[in-house]
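# Summary of the model geometry
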Amino acid sequence: MLWSLAFAAAAFLVLGLLRQGSPCNPDQPRWFGRDMGVDVLWWLLSFVLYGNLTVILTRLVLQGLYGADGPRLFQAIQAGRGALSHLPVLVQAGLVIFLVDVIQYWLHRAFHTRWLWPFHAIHHSPRELDWTATWRIHPVNFVFYETVAGVLTLLLGCSPQALVIVVPFNFFSAAFVHANLNWTFGPFRYVLASPVFHRWHHASDPAIHDKNFAPTFPFLDVMFGTFHMPKGQLPDAYGAEGVPTDMLGQLAHPFVAIGQMLGRARAARASEAAARP
Ligand SMILES: [Zn+2]
Ligand SMILES: [Zn+2]
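First things first, this report covers the structure right here in the doc.

Quick notes on the rules
Residues numbered from 1 in each chain as written. Chains lettered and ligands numbered in written order. Predicted model: local features only at pLDDT ≥ 70, side-chain atom pairs only at ≥ 80, totals over all residues. Heavy atoms only, no water. Donors = N, O, S within 2.8 Å, 3.2 Å for Na, K, Ca; no water. Tetrahedral: all angles 85-135°; square planar, octahedral: opposite > 155°, others 65-115°. Helix = DSSP H or I, 4+ residues; strand = E, 2+ residues; numbered from the N terminus. Buried < 20%, exposed > 50% of the residue type's maximum accessible area, 1.4 Å probe, protein only. Patch = residues over 30% accessible without salt bridge, like charges linked within 9 Å, V, L, I, M, F, W, Y side chains within 5 Å. Areas by Shrake-Rupley, 256 points an atom, 1.4 Å probe, with all protein chains shown as cover. Salt bridge = Lys/Arg side-chain N within 4 Å of Asp/Glu carboxyl O.

So, about the coordination of the zinc ion (ligand 2). Tetrahedral coordination by four donors sets the ideal angle at the metal to 109.5 degrees; octahedral coordination by six donors sets it to 90 or 180 degrees. Protein coordination at the zinc ion (ligand 2): the donors are His-123 (NE2), His-178 (NE2), His-198 (NE2) and His-202 (NE2), at 2.0 to 2.1 Å from the metal. For the zinc ion (ligand 2), the 4 donor atoms in the first shell make angles of 93 to 158° at the metal, a pattern classed as irregular. In the primary structure, the donors to the zinc ion (ligand 2) are separated according to the pattern H-x54-H-x19-H-x3-H. Pair noted here: His-123 is in helix α5 (residues 117-124) and His-198 is in helix α8 (residues 195-201), with a separation of 75 residues, a long-range link. The residues His-123 and His-198 share a single accessibility class, namely buried.

Distances from the zinc ion (ligand 1) to its protein donors, namely His-108 (NE2), His-112 (NE2), His-120 (NE2), His-124 (NE2) and His-201 (NE2), fall within the range 2.0 to 2.2 Å. Taken in sequence order, the residues that donate to the zinc ion (ligand 1) follow the motif H-x3-H-x7-H-x3-H-x76-H. Of this pair, His-124 sits in helix α5 while His-201 sits in helix α8, and the two are 77 residues apart along the sequence. Both residues of the pair, His-124 and His-201, count as buried.

What follows is about a nonpolar patch on the surface. On the surface, a cluster of nonpolar side chains totalling about 910 Å² of accessible area is made up of Phe-98, Trp-106, Phe-188, Tyr-190, Val-191, Leu-192, Phe-219, Val-222, Met-223 and Phe-224. Taken together, the elements giving at least two residues each to the nonpolar patch come down to α4 (89-111) and α9 (219-223). On the secondary structure map, Leu-192 appears in the loop between α7 (160-178) and α8.

Encoded structure:
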């Protein structure tokens, strides 16, 4: 918990200061956005609950895959005796970051489809987008992302030192791509995700709703036809329709929305049946 507090304080200072010089959306608040209270609650939830939840689910999945050998495998890898642990630490870290990116690209696309969207809409709900919204992720969304990433990392058998690099990298890059910065990385725009790349992903315009899914490597979006970063333009409106502004409302939103969708589908089927001769 202490390191995450230190990280948040550093992000507040560094990203806040950078934003003064090169904002993507200068009309957004400089330091304290309107939604900061809700974002702090989501941040607390993610650090208190999500880490433990991910470890528990990762263990359960490994047990499902390997039966009685699951716990032994978990311990061996934690002790640094996994399949990839003989490779240089930086190579291991690079492999993990790349493979998790490919998986999360497709998981992210799945969360943009009709029935999963209500869970992911929470992450898209801020109308003022800044790094503080990074952890506004519904538990169902988070568990899918992190358990898949956790299981893969363990199955690859990295040494714990590689995870020491990957975890802070993921935290930093996730906060950075949400920051209110007009950075595009110029010619490297296809290589590494920049704030402008991910801010386009949060644009409220339905025409560009399903673009820029990759967490770290935009060339995945180029390969799969979802890259969107028009030169000389910046996104300026963000948000998702119909999501409550308070945290409890946001936690309940997917279940309420899916219930309403099921109700509408049932009503449509009933009226179709009634119209049949
Ligand atoms: Zn999304
Ligand atoms: Zn995002």
